[in-house]
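# Architecture at a glance
Here are the chains, one letter per residue:
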Amino acid sequence: LTAVFLCPASGFNHKGNNAMADNSLDSTGTELFLSLDGTTALRFDCPTAVNGLGFTTDAIPNGCLDAITNTSRPGKKTINALSVPYNVQKGSEAHEYLVNLVSNLTEEIPYCVAWSDGTADPTLVTGDFVAPGVGPAFTRTCTIGTGYVASNNIDINNNAIYAGTFTFTPQSQNTTFKPVP
């Protein structure tokens, strides 16, 4: 008699097999799109990661002076800043835009992180990205919003390619999900 113990929180059984592996997403094929002019969708060249999708909820302290432990209640949500490391590419319109952005760091631009569960590109409608397909039957999961570039750094090291990282501060963000078959 063999017993298999599942841990619902993690999806792992006692043999170390991932019971949810069939539904996991591979990052290969994920794309980042920006619209620098509000009318053209520009695929960002050679990002190596998109870090920070999500939000943080502020904690509002509500404990009393005579309490032994502090307590709090949820406050406002803040959209997390996105950090996008990338390999600098010669002739990249998006990379040149970032390098020359010093004069206008507060300009809000539309963005779209198109997940790897589809291949169709998002479109722009009145200056905003729209996920491919017709909701709720989207053909690709997309995280869409607007924001401004907070920083851009390029690292030049011995015996290495030029590597950049830009930090993007979203002002809005929404994710539309492709239905699971």
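Data block above holds the structure.
This write-up is about the structure you can find in this document.

Calculation rules
Residues numbered from 1 in each chain as written. Predicted model: local features only at pLDDT ≥ 70, side-chain atom pairs only at ≥ 80, totals over all residues. Heavy atoms only, no water. Phe/Tyr/Trp six-rings, centres within 6.5 Å; stacked < 30°, edge-to-face > 60°. Helix = DSSP H or I, 4+ residues; strand = E, 2+ residues; numbered from the N terminus. Buried < 20%, exposed > 50% of the residue type's maximum accessible area, 1.4 Å probe, protein only. Salt bridge = Lys/Arg side-chain N within 4 Å of Asp/Glu carboxyl O. Pairing = 2+ DSSP bridges.

Once that is clear, we can look at the packing of aromatic side chains. Counted by the stated rule, this structure contains six aromatic pairs. A centroid spacing of 5.3 Å and a plane angle of 55° characterise the contact between Phe44 and Phe166, whose relative ring orientation is tilted. You can see Phe44 sitting in the loop between β4 (42-43) and β5 (55-61) and its partner Phe166 sitting in strand β14 (residues 163-176), a full 122 residues away along the chain. Using a relative accessible area of 2% as the deciding quantity, one classes Phe166 as buried. In textbook terms, an aromatic cluster arises when at least three aromatic residues are bridged by ring pairs, as seen for Phe44, Tyr86, Tyr111, Phe166 and Phe168.

We now examine the pattern of salt bridges. Where charged atoms of side chains with opposite charge meet at close range, the side chains can pair. This structure, assessed with the given rule, holds three salt bridges. Among the salt bridges present, the one from Glu31 reaches Arg43, with a minimum N-O distance of 3.1 Å. Here Arg43 lies in strand β4 and Glu31 lies in strand β3 (residues 31-34), a separation of twelve residues in the sequence. By relative accessible area, Glu31 is classed as buried at 18%. Residue Asp45 is joined to Arg43 by a salt bridge in which the shortest nitrogen-to-oxygen separation is 3.9 Å.

Moving on, we come to the pairing of strand β13 (residues 142-155). Where strand β8 (residues 109-114) and β13 come together, six bridges link them in antiparallel fashion. Bridged to Ala114 within β13 is Cys142. Pairing of β13 with β14 involves 13 bridges; the strand directions are antiparallel. Paired with Val149 across the bridge in β14 is Phe168.

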